[in-house]
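So the chains spell out like this:
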Amino acid sequence: LKPLRSVKGLKANIERTLYLAVLESEKKETGTLTVSGANMRLEIEKPVKSLLVLKGREVWLEVHPDPEIGGSLQVSRGRLSKSKDSQVFVGLLG
């Protein structure tokens, strides 16, 4: 997360297209990315709401159920190790 510490503030609307090979279809996600120092918030609004918060090394993840499938809200939290920082950040945006 060292590169993030030099960022004073950033807020961007994002759109990501995922190709689902099994279903042979694409899924577009839209949301907001906010970065401030070593803190990051990635909030996906559509099609399925999710929230990822990185506060220093603390991680919070909420994934809401897909309305078409149903289910319950899933929440995870944890702490990043130093060796995984850059891999996690790149993976989230990739």
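Look up a bit, the structure's there.
I will try to describe carefully the structure that is included in this document. Note that the coordinates shown come from a computational prediction; the quantities given were computed from them, not determined experimentally. (Residues numbered from 1 in each chain as written. Predicted model: local features only at pLDDT ≥ 70, side-chain atom pairs only at ≥ 80, totals over all residues. Heavy atoms only, no water.)

### Considering the sheet that holds strand E3 (residues 39-46)
Taken in spatial order, the six strands line up as E1-E2-E3-E4-E5-E6 in an open sheet, and their pairing is antiparallel. If you trace the sheet from one side to the other, it starts and ends with strand E1 (10-20) and strand E6 (74-79), each paired once. On average, adjacent strands in this sheet sit at an angle of 15° to one another, irrespective of strand direction. Note: E1 against strand E2 (residues 25-36), 11 bridges, orientation antiparallel. Bridging from a neighbouring strand, tyrosine 19 pairs with glutamate 26 of E2. (Pairing = 2+ DSSP bridges. Helix = DSSP H or I, 4+ residues; strand = E, 2+ residues; numbered from the N terminus. Axes fitted to C-alpha atoms, helices over the stretch in contact; angles between N-to-C directions.)

### Regarding the pattern of salt bridges
Taken as a whole, this structure holds four salt bridges when the rule is applied. A salt bridge links glutamate 15 to lysine 28, with the nearest nitrogen and oxygen atoms 3.8 Å apart. Placement of the pair is glutamate 15 in strand E1 and lysine 28 in strand E2, with a sequence separation of 13 residues. (Salt bridge = Lys/Arg side-chain N within 4 Å of Asp/Glu carboxyl O.)

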